[in-house]
Amino acid sequence: MKEDIKSILAKEEWSRQDLVALLKTEGAERKLLIDKAAEVKDHYVGNKVYYRGLIEFSNLCAKNCLYCGIRTGNKNTGRYELTGEEVLEAARYAWENRFGSVVIQAGERSGKEYVRRVEQLLRQIKQMSNGELGITLSLGEQSEDTYRRWFEAGAHRYLLRIEVSNPALYHKYHPDNQLHDYQARLNALFLLRKVGYQVGSGVMIGLPFQTTEDLADDLLFFRAHDIDMVGMGPYIEHKDTPMYRYKEQLMPKMERFWLSLKMVAVLRILMKDINIAATTAMQAIDPNGREKSLQAGANIIMPNLTPVRYRDDYLLYEDKPCTDEDAEKCKRCLEVRIKMAGSEIGYGEWGDSKHFSKRKK
Ligand code: 5AD
Ligand code: SF4
Ligand code: FES
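Bear in mind that the values here come from a model prediction, so they are computed numbers and not experimental data. (Residues numbered from 1 in each chain as written. Chains lettered and ligands numbered in written order. Predicted model: local features only at pLDDT ≥ 70, side-chain atom pairs only at ≥ 80, totals over all residues. Heavy atoms only, no water.)

This next bit is on the overall build of the protein. Looking only at helices and strands, the protein features 15 helices and eleven strands. Taken over C-alpha atoms, the radius of gyration comes to 19 Å for the protein, in line with the 21 Å a tight globule of 361 residues would show. Counting every position in the protein, which comprises 361 residues, the buried fraction comes to 58%. Across the protein, the fraction of contacts at a sequence separation of at least 24, relative to all contacts at a separation of at least 6, is 76%. Surface accessibility of the protein: about 15,400 Å² in total, with carbon and sulfur atoms responsible for 50%. Charge centroids of the protein, computed over 55 positive and 52 negative side chains, lie 2 Å from each other. (Helix = DSSP H or I, 4+ residues; strand = E, 2+ residues; numbered from the N terminus. Rg over C-alpha atoms; globule rule 2.2 N^0.38 Å. Buried < 20%, exposed > 50% of the residue type's maximum accessible area, 1.4 Å probe, protein only. Contact = heavy atoms within 4.5 Å. Areas by Shrake-Rupley, 256 points an atom, 1.4 Å probe, with all protein chains shown as cover. Lys, Arg positive; Asp, Glu negative; His and termini not counted. Charge placed at Lys NZ, Arg CZ, Asp CG, Glu CD.)

Counted under the stated rule, the structure contains 34 salt bridges. The partner of D286 in a salt bridge is K292, with the nearest N and O atoms 2.5 Å apart. Overall, the relative accessible area of 7% leaves D286 in the buried class. Given the relative accessible area of 30%, K292 is considered partly exposed. The closest approach of N and O atoms between K331 and E335, which form a salt bridge, is 3.7 Å. (Salt bridge = Lys/Arg side-chain N within 4 Å of Asp/Glu carboxyl O.)

When the terminal C-alpha atoms of helix α9 (residues 212-224) are compared, their 18 Å separation across 13 residues agrees well with the 18 Å that a helix rising 1.5 Å per residue should span. Within α9, burial applies to T212, D214, L215, A216, D218, L219, F221 and F222. Just downstream of α9, D226 is the residue with a positive phi angle, here 50°. (Expected span 1.5 Å × (residues − 1).)

Before going further, it helps to spend a moment on the pairing of strand β5 (residues 198-201). In the case of a regular strand, side chains alternate between the two sheet surfaces. Neither face of β5 is exposed, since Q198 and G200 on one face and V199 and S201 on the opposite face are all buried. Here strand β4 (residues 157-159) pairs with β5 via three bridges, running parallel. Counterpart to R157 in the pairing with β5 is Q198. Sheet topology places β5 next to strand β7 (residues 229-230); two bridges connect them, and they run parallel. (Pairing = 2+ DSSP bridges.)

A few words now on the nonpolar core. Of all hydrophobic cores here, the largest spans 110 residues; its most connected members are L137, W150, Y197, F222 and M232. Ranked by residue count, the leading element in this core is helix α10 (residues 253-270), at ten residues. The residues contacting F222, other than those within four sequence positions of it, are S201, G202, V203, I227, V230, M232, L267 and M271. (Core = buried A, V, L, I, M, F, W, Y, C linked by side-chain atoms within 4.5 Å.)

The way to describe two aromatic rings as a pair is by their centre distance and the angle between their planes. Tallying each qualifying case throughout the model produces 14 aromatic pairs. Arranged with centres 5.5 Å apart and planes meeting at 80°, the rings of Y158 and Y197 form a pair that is edge-to-face. Taken as a pair, Y158 in strand β4 and Y197 in the loop between α8 (182-195) and β5 lie far apart in primary sequence, 39 residues in all. For Y197, a relative accessible area of 0% puts it in the buried group. Seen from their ring centres, F257 and W258 are 6.0 Å apart, and the 80° between their planes marks the pair as edge-to-face. Following the ring pairs from residue to residue traces out a cluster consisting of Y51, Y93, F99 and Y347. Above the plane of the ring of W258 lies R30, whose end atom (NZ or CZ) is 3.5 Å from the centre. (Phe/Tyr/Trp six-rings, centres within 6.5 Å; stacked < 30°, edge-to-face > 60°. Lys NZ or Arg CZ within 6 Å of the ring centre and 35° of its normal.)

Moving on, we get to the site of ligand 1. Taken together, Y67, C68, R161, E163, M204, P234, Y235, I236, L316 and Y317 make up the full set of residues near ligand 1. Contact between ligand 1 and R161: an oxygen atom at 2.8 Å from a side-chain N or O atom of the residue. Take E163: an N or O atom from its side chain is 2.5 Å from an oxygen atom of ligand 1. Relative to its free-state accessible area of 400 Å², ligand 1 is covered by the protein chains to the extent of 89%. Among the residues forming the shell around ligand 1, the class breakdown is eight nonpolar, no polar and two charged. (Near = heavy atom within 4 Å. Polar contact = N/O pair within 3.5 Å; in protein donor to acceptor, adjacent residues only side chain to side chain. Nonpolar A, V, L, I, M, F, W, Y, C, P; charged D, E, K, R; others polar.)

Before going further, it helps to examine unusual backbone geometry. With phi around 50°, D226 is a residue other than glycine that occupies positive phi space. When you line up the elements, D226 lands in the loop between α9 and β7. Take D226: its relative accessible area is 26%, and that puts it in the partly exposed class. Phi angles above zero are rare outside glycine, and D319 is one such case at about 60°. Relative to the assigned elements, D319 resides in the loop between α13 (308-311) and α14 (327-340). For D319, a relative accessible area of 52% gives the class exposed.

As far as function goes, none of this settles anything; it's purely spatial.
Right under this line is the structure:
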């Protein structure tokens, strides 16, 4: 007999099967789940949304993930790297507007010169902001030494999505070579923790071949690895990628959206005090996607600060929103939207993961 959702929601501990049942909820049951997540969020992390100003530093990438629009194999996109000045200007905007922190994101690259450049930028941002601006990095897999240098230069959080926690599936979405090795990626998460970062990870939702059981396992993966922050969102096909050929097999976009929302809600209840992002990919499907995510348990938003003329080149997936809106426009837009969603913006605060602070104690 199917156990009713109310009694699952009332349990202290969930089995994998419980997670699957929660991820399959629809209608009134789904609403019960989302309401419970909102309650847990309110109690454990409060009503504030923290900003991470997103600086898409470069779309150059050495990797060739089969789903991603900026993979090295996609020759249809112009490549760029922001100048140091452009990065600093975006960071200054974040600081002056009391965003609390920035995220520096780029495709995955290595090399001495690159590592040094990032290190220098970090020191400059810290100096410019009197150490006030928090810095999160999202620059892929790097060596322990690189992670340490960037940490010492001022970064204190790092996002590295595992993308999909099931190694067999990981293999399906990535080329079969050393550069795309599941174990290496997993190991990078350990290195980040070892160096001292607050560690973020995440997955894509609604990928071809992915089952609800896989998604339940993704949630258990975050818990098993004691992740401090999670950013996850729907997979959205991109026509210049190999995975576009599975387009017909995907669930409808709205279904991917709802599934992602349920993932956020279940994760909030499962890991009560972590930071969870309302991701841009949610907004790519539903214009109010991020606000809905906030109401389902998310507490982080990443307003885009990349200079507008580069934004069309950082298209990881189709229909990426805010490509024509500059920082000021997004800021005003978000203020209204967040207020409407019943949340408050944590201006001037780092908004660190409470989960991380607690572990440190
Ligand atoms: N759909 C959704 N998310 C994607 N990403 C890359 N390609 C896609 C896509 N087609 C995500 C990956 C990566 C992050 C920067 O963007 O999860 O970690
Ligand atoms: Fe590069 Fe990241 Fe895209 Fe993979 S997902 S191709 S590592 S930018
Ligand atoms: Fe960019 Fe609304 S947040 S236009």
